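# Structural description and commentary
Residue-level listing of the chains:
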Amino acid sequence: MQARARSGATAAAPPFALPLALFALSGTGALVVETTWLRWLRELFGATAPAASATLVAFFLGQALGAAAAARFAPRARRPLAAYGALELAAATWALAVPALLGAGEAALRAGYDSLRGTPALLASARLAIALGATLPSAAAFGATLPTLAGAALAGPAALGRRGSALYGANLAGATLGTALGSFWLPERLGVAGGYGVGVAALALAGVVALLVGRSRTALAPLAASREAARSPRPPASSDAPLLALAAFSGFATFAAEILLVQALGLVLDQSVYAFGAVLCVVLAALAAGAAAAAFASRRGIAPATLLAVGGVLAAVAFASFPARFADATGGLAFLAPGRPWPGYLADALAITARTAGPALVAAGLVLPATFAAAGARGGAARVAAPTALGRLAAANTAGSLAGALAAPWALLPGLGLWPAFGALAAGYGALALAAPGATRRARVGAALALAVGAAAVLALASPAGVPPLRIGPGERLVEVQPTAAGVVAVVEREGELLIQVDNHYSLGGTGQRVHEERQGHLPLLLHPAARSVAWIGAATGISAGATLAHPIERLVLVELVPGVAHAARRRFAASNRGVYEDPRSEVVLDDGRNFLRSTAERFDVVVADLFVPWQAGAASLYTRDHFASVRARLAEGGLFCQWLPLYQLGEPEVRTILSGFLDAFPRAALFRGDFYGRFPIAALVGFAGEAPSADAVSNAALRLASAGERDRWVAHPLGPFALYVGPLGPLAPSLAGVPRHTDRWPRLEFEVARRRADGSLAREPFTGLRFAAFARAVARSEEAQPLFGALGDARRRAVAGGHALQTADALHDAGRADESGAALAAAASLLPRELLADATEDPTAVGVWPAARAGAAPALPPGG
């Protein structure tokens, strides 16, 4: 369809299909760019809630400013399509400079990081200033595009409801595609820089096409109606106030809902990059559907006030019932189990989000386009140019979005809680339905009746009052729960054990595993007996980090990502973590560990990184080669880095990827086991910045620990650490030369491990049991050729072999090979000193074979050697 200029116009406007296509392409490019900004801002802020907030602030603040400016200047553009093209090219050009600007800002911040890190608010403000300086110009250009394009695509204000909504919906549809590309495909296939280049190229292509067409003789000037309206006196600002308020509310509620939905879905999804992307895709697609419905309603002549009332009622009922519907759809907030062939998990995540949140989002998506239609009806009488009206509404909506993006994590969640916050949104939409501008008394009465019926139905069938804040299993008791910007933090009691959980399913450890968790702190300090300063990345309950206080250290820096976790650990776990959060030797830094090590100028004798879930968005960056290099740079001379690995959450390909990057940074490295589990082992990658200590020094450190009263024999006996020792890793380097590295530029692990976990591959083939036992045997053989700790001597060599035999025994026991398990257990008893195994009291060291041997279900332990 061709929209032609009226009398007095110098040329015809381009077909409406062209602006639609261009704006969809722009939405795709903008969201690829924005998702990449979020990744880069995680490097600046850390993988924290402020990182996401900063991205939204930068994006929305710039868009609001750009839209406000375009409302004033777009109607005067002689060639509006060409002006739109210039804006897209400006956005693309500045976007190319963003990575360099962020890098320069981060480098400047490092000079003052250590003086700011004790004041998180000041540190966040400095980082926000860097983010804004780098991204604001591009974001402002994005914001100016819709009003400017309206001058070329809309014949006048009367078309705002029909065509303005269609343009907005097309941009959202393109944004949905951009989110999918930026979240699921481009960074892994093309690298982060390559994916970003695709987004920038999409913006540039939209700009070039618009510029070429807009400068041609077929699209010279703004349409006559818009030009004439631009010369007409403007109506008083007060006439715009109700619609501007509605547009602002729409932005506030929509983006607050998005953040609340991410929190809610986090209770049942795995928080991988795919899970987050799935939520955002559904949000954008639902808003696009709402905009399409509004455009259709405008074509059918439905009054804007009716559309506002309908959207308000439907959104109010859908948001009020969401908690109960969500709990029902997820089986009582049960974790979405993996196991379907890929992309089955992604499809399930999309389906759950669409089924539970989709109705509310589609209804909410009607509101802003309805304000377009209302402004069109009013603007036609008041002779306000379409770009002006659209620019004002877009600026108000974006400013509201900015407020919602900040209020949801920092006010609604901590102030109300997750489910009541949805109730607050429902109340807001209910008020909108009752107060829709231009609605007749009859319409208001109808809206009130509909809300009353909806409220009664919600209370009777889907009351949010009965939805718990998280899933509590049999025998569990919720001690405390704290909704935070970073997730729902809970302390749970289970059979007398206290646990910290984040987002319903991610356990950060507890008091029941204290002996194992403390071993994670003891072992690195035994391998650096002279350590005085320690940095602990991922402090959580503090139990592991607290073990370092038993050693003669002078300084301990606890770095914890989630403030709520640190607060819970301080309040509830002091008796189990040696009061580490209050110890005078400790400093608590509430920051991302990776970011802390990139920014601080301080050097440490020992850096310990706790167990991190490898598929969780942001956490995978703690396994990159770049991060390992940053740690190396922060070690003092002769320092040591210990990275603990959850082998039960990794497969052999993932372990090889991590090992390859680790050995690039630490050619002198060793592998230790943290326990003797067959099914759920953990292991430590230990990298030395200098020479490893002598074997005698390690044994003497263990004796010193025993004299201090420590009772874990695997770290307090002179041969215990060597039973945990697997072997040197350096000889593996040639075999890992061809393994693709997991880096900031190519975040392979982040995607691969998320997919393999989702389709069940990790559950079927974890790097545990006999797989790990075979790998450990191969690593141990290299000790003879390249001894790491000097001459071990016969007793220590027997301890190394005995530790391997003990873990192999448990792996064989889990595999159901009882006779072989018994033989391996007998071998372990003959190799290890009696006080380590045969005469030792039972402990949860080899959880399967040990109780079986004691109970007679496996061959009894023979006399030790």
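Before going into details, it helps to say that this report is about the structure given with it. Note that the coordinates shown come from a computational prediction; the quantities given were computed from them, not determined experimentally. (Residues numbered from 1 in each chain as written. Predicted model: local features only at pLDDT ≥ 70, side-chain atom pairs only at ≥ 80, totals over all residues. Heavy atoms only, no water.)

## Some words on the sheet that holds strand E7 (residues 586-590)
- Strand order across the open sheet formed by 8 strands is E7-E6-E5-E8-E9-E11-E10-E12, with mixed pairing between neighbours. Looking along the sheet, the strands with just one partner apiece sit at the ends: E7 and strand E12 (725-728). Strand-to-strand, the axes of this sheet are offset by a mean angle of 15°, without reference to chain direction.
- Note that strand E5 (residues 533-537) and strand E8 (residues 604-609) share 4 bridges and pair parallel. The residue bridging Trp536 from the neighbouring strand is Val608, located in E8.
- Lying on the sheet, helix H21 (residues 652-665) is in contact with strand E9 (635-646), strand E10 (669-673) and strand E11 (682-688); it crosses E11 at an angle near 20°. (Pairing = 2+ DSSP bridges. Helix = DSSP H or I, 4+ residues; strand = E, 2+ residues; numbered from the N terminus. Axes fitted to C-alpha atoms, helices over the stretch in contact; angles between N-to-C directions. Contact = heavy atoms within 4.5 Å.)

## Describing the nonpolar core
- Judged by nonpolar contacts, the single largest core of 190 residues is most densely connected at Phe319, Trp419 and Phe596.
- Residue contributions to this core peak at 16 residues, all from helix H9 (residues 273-299).
- Setting aside anything within four residues of it in sequence, one finds Phe319 in contact with Ala257, Ala360, Ala364, Phe422, Leu425, Ala426 and Tyr429.
- Core analysis: the second largest hydrophobic core is formed by 75 residues, Val562, Ala670, Ala809 and Leu832 among them. (Core = buried A, V, L, I, M, F, W, Y, C linked by side-chain atoms within 4.5 Å. Buried < 20%, exposed > 50% of the residue type's maximum accessible area, 1.4 Å probe, protein only.)

## Points about the pattern of salt bridges
- Per the stated rule, a full pass over the model turns up 32 salt bridges.
- A salt bridge links Glu602 to Arg117; the nearest nitrogen and oxygen atoms lie 2.9 Å apart. Here Glu602, found in the loop between helix H19 (593-599) and E8, pairs with Arg117, found in the loop between helix H4 (113-116) and helix H5 (120-153); they are 485 residues apart in sequence, far enough to count as distant. Just as Glu602 is buried, Arg117 falls in that class too.
- A salt bridge links Arg494 to Glu476; its shortest N-O distance comes to 2.9 Å. Residue Arg494 is located in strand E2 (residues 487-494), and its partner Glu476 is located in strand E1 (residues 476-484); the two are separated by 18 residues in the primary sequence.
- Each of Glu106, Arg110, Arg594, Arg598 and Asp744 takes part in one network of salt bridges that share partners. (Salt bridge = Lys/Arg side-chain N within 4 Å of Asp/Glu carboxyl O.)

## So, the packing of aromatic side chains
- Enumeration according to the criterion identifies 31 aromatic pairs in this entry.
- Plain terms: the ring middles of Phe319 and Phe422 are 6.4 Å apart, the flat faces sit at 25° to each other, and that makes the pair stacked. One end of the pair, Phe319, is in helix H10 (residues 304-329); the other, Phe422, is in helix H14 (residues 418-434), with 103 residues separating them in the sequence. The same class applies to Phe319 as to Phe422, namely buried.
- Centre to centre, the rings of Phe326 and Trp419 are 6.2 Å apart; their planes meet at 50°, and the pair counts as tilted. Placement of the pair is Phe326 in helix H10 and Trp419 in helix H14, with a sequence separation of 93 residues. The same class applies to Phe326 and to Trp419, which are both buried.
- A connected cluster of aromatic rings, assembled from ring pairs, spans Phe249, Phe319, Phe322, Phe326, Trp419, Phe422 and Tyr429.
- Of note, Arg163 hangs over the ring of Phe16, and the distance from its end group to the ring centre comes to 4.3 Å.
- A cation over an aromatic ring shows up here: Arg757 above the ring of Trp615, its NZ or CZ 4.9 Å from the ring centre. (Phe/Tyr/Trp six-rings, centres within 6.5 Å; stacked < 30°, edge-to-face > 60°. Lys NZ or Arg CZ within 6 Å of the ring centre and 35° of its normal.)

## Some thoughts on the packing of H5 against helix H13 (residues 386-416)
- Relative orientation of the contacting elements H5 and H13 amounts to 160°, with a least axis distance of 8 Å. In terms of orientation, H5 and H13 fall into the roughly antiparallel class. The chirality of how H5 crosses H13 is right-handed. Where H5 abuts H13, its residues Leu146, Pro147, Ala150 and Gly151 lie against Pro387, Leu390 and Gly391.
- Of the residues assigned to the contact of H5 with H13, the class counts are 5 nonpolar, 2 polar and no charged. (Parallel < 35°, antiparallel > 145°, perpendicular 65-115°, else oblique. Left-handed = near helix turned anticlockwise from the far one by under 90°. Nonpolar A, V, L, I, M, F, W, Y, C, P; charged D, E, K, R; others polar.)

## Remarks on the environment of Arg392
- Considering the arrangement of structural elements, one finds Arg392 in helix H13.
- For Arg392, a relative accessible area of 23% puts it in the partly exposed group.

## A word on the environment of Gly730
- By secondary structure assignment, the location of Gly730 is in the loop between E12 and helix H25 (748-758).
- Judged by relative accessible area, Gly730 falls into the partly exposed class, the value being 21%.
- Sequence separation of Gly730 and Phe666 is 64 residues, and the distance between their C-alpha atoms is 8.5 Å.
- Leave out the neighbours within four places in its chain, and Gly730 touches Leu663, Pro667 and Ala669.

## Overview of the pairing of E1
- Of the pairings in the sheet, the one linking E1 to E2 comprises 8 bridges and is antiparallel in character. Across the sheet, residue Glu480 finds its bridge partner in E2, namely Val491.
- Here E1 hands over to E2 after 2 residues, the two strands then running antiparallel side by side.

## What about the pairing of E2?
- Summarising burial for E2: 6 of the 8 residues are buried, a large majority.
- Sheet topology places E2 next to strand E3 (residues 497-502); 6 bridges connect them, and they run antiparallel. Residue pairing in the sheet places Arg494 in a bridge with Glu497 of E3.
- Where E2 hands over to E3, the hairpin turn is made up of 2 residues, of which Glu495 adopts a positive phi near 55°.

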